Amino acid sequence: MPNLVLASSSPRRKELLEKLSIPFITYSPNVDESIDKDQKPAEIVTELSFRKAKKAADQYPDSYVIGSDTVVVYKGTVLGKPADRESARKMLLCLSGCTHSVYTGVSVTYGKSVRTFYEKTDVTFWKLSNEEIERYLDSGEPFDKAGGYGIQGQGGLLVKSIHGDYYSVVGLPIARLNRVLKNMGFPQ
């Protein structure tokens with residue numbers, strides 16, 4: 001069976017890929033994640049996912065390699081991971097009662113074959129009280145996540161609705177990924 005490599009150090013992506021019940025290994029690619037400020041969110045996530053997949057594919061040339069990247073976009077601004085409690089608070093205040101978009105790009109390489117796609121999911125937050133925000137900040141969960149929240153954890157309590165792929169918001173749209181792997185000839 002061909003090897004499968006997840007080019008990510010994200011525990012969430014690893015957990016999601018495990019849902020496919022396919023053996024894989026992880027590789028943490030150290031890539032330049034600088035972006036052109038004029039790039040659209042879909043371009044950002046597809047480019048960064050490809051950089052990660054390409055770097056891992058250089059190390060594992062005979063394997064199927066998956067690279068992925070996720071950004072949160074609010075009113076045209078890409079929200080990264082908050083630097084500290086105050087920046088996390090500001091992000092959550094912006095998102096409170098509003099809808100934002102989460103883009104996840106995925107690149108799959110195998111030999112010279114490359115398939116790249118993205119999913120866009122719209123997420124609407126409840127109107128949050130200051131107490132809810134402070135309690136969530138106290139959990140420590142917001143600090144390593146784009147947009148300052150994790151939908152799969154306590155951050156799910158902030159979410160009123162989503163329109164799109166839930167797993168894409170977590171970081172890896174596994175249903176579409178499964179179909180791409182199959183179409184590329186990965187044995188299922």
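Our subject is the structure that appears above.
### Focus on the packing of aromatic side chains
Summed over the entire model, instances satisfying the criterion amount to six aromatic pairs. Arranged with centres 5.3 Å apart and planes meeting at 75 degrees, the rings of Tyr166 and Tyr167 form a pair that is edge-to-face. Following the ring pairs from residue to residue traces out a cluster consisting of Tyr64, Tyr110 and Phe186.

### What about the pattern of salt bridges?
This model, assessed by the stated rule, comprises twelve salt bridges. Across the pair Glu18 and Lys14 runs a salt bridge whose closest N-O atoms are separated by 3.2 Å. Of this pair, Glu18 and Lys14 both sit in helix α1 (residues 11–18), four residues apart, which is roughly one turn of that helix. A relative accessible area of 41% means that Glu18 is categorised as partly exposed. Residue class for Lys14 comes out partly exposed when judged on its relative accessible area of 37%. We note a salt bridge from Asp122 to Lys120, for which the minimum N-O separation is 3.3 Å. Each of the salt bridges in this network shares a partner with another, and the network as a whole consists of Arg85, Glu86, Arg89, Glu134 and Asp138.

### Things to note about the environment of Ile35
Within the element layout of this structure, Ile35 appears in the loop between β2 (25–26) and α2 (41–59). Taking relative accessible area as the criterion, Ile35 reaches 29% and is therefore assigned partly exposed.

### Thoughts on the side chain of Arg13
By the secondary structure assignment, Arg13 is in helix α1. Within polar-contact distance, the side chain of Arg13 engages the side chain of Thr70 at 3.0 Å. Within the local environment of Arg13, its side chain forms a polar contact with the backbone oxygen of Gly171, the two atoms lying 2.7 Å apart. Sequence-distant contacts of Arg13, that is, excluding residues within four places in its chain, are made with Leu6, Ser8, Ser68, Asp69, Thr70, Gly171 and Leu172.

### Describing α1
Residues of α1 that are buried: Arg12, Arg13, Leu16 and Leu17. Buried residues along α1 cover an arc of 130 degrees about the axis, so they all sit on one side. The inward-facing, buried residues of α1 abut β1 (4–7), β3 (64–74), α5 (166–170) and α6 (174–183). At the N-terminal end of α1, a side-chain oxygen is found 3.2 Å from the backbone nitrogen of Arg12, two or three residues along, and the residue is Ser10.

### A few points about the pairing of β1
Side chains Leu4 and Leu6 project from β1 onto one buried face, and the interleaved Val5 and Ala7 project onto a second face that is buried too. In terms of strand pairing, β1 meets β3 through four bridges, oriented parallel. Among the inter-strand pairings, Leu4 is bridged to a residue of β3, identified as Tyr64. As judged from the two bridges shared by β1 and β2, these two strands associate in the parallel manner. By the bridge assignment for β2, Val5 is matched with Ile25. A crossover connection joins β1 to the parallel β2 through α1; in handedness this β-α-β unit is right-handed.

### Points about the environment of Asn183
Positionally, Asn183 belongs in helix α6. C-alpha separation for the pair Asn183 and Lys19, spaced 164 residues apart in sequence, amounts to 19 Å.

Cut-offs applied
- Residues numbered from 1 in each chain as written.
- Predicted model: local features only at pLDDT ≥ 70, side-chain atom pairs only at ≥ 80, totals over all residues.
- Heavy atoms only, no water.
- Phe/Tyr/Trp six-rings, centres within 6.5 Å; stacked < 30°, edge-to-face > 60°.
- Salt bridge = Lys/Arg side-chain N within 4 Å of Asp/Glu carboxyl O.
- Helix = DSSP H or I, 4+ residues; strand = E, 2+ residues; numbered from the N terminus.
- Buried < 20%, exposed > 50% of the residue type's maximum accessible area, 1.4 Å probe, protein only.
- Polar contact = N/O pair within 3.5 Å; in protein donor to acceptor, adjacent residues only side chain to side chain.
- Contact = heavy atoms within 4.5 Å.
- Arc of directions from axis to C-beta.
- Pairing = 2+ DSSP bridges.
- Right-handed = clockwise from strand over helix to strand, strands pointing away.

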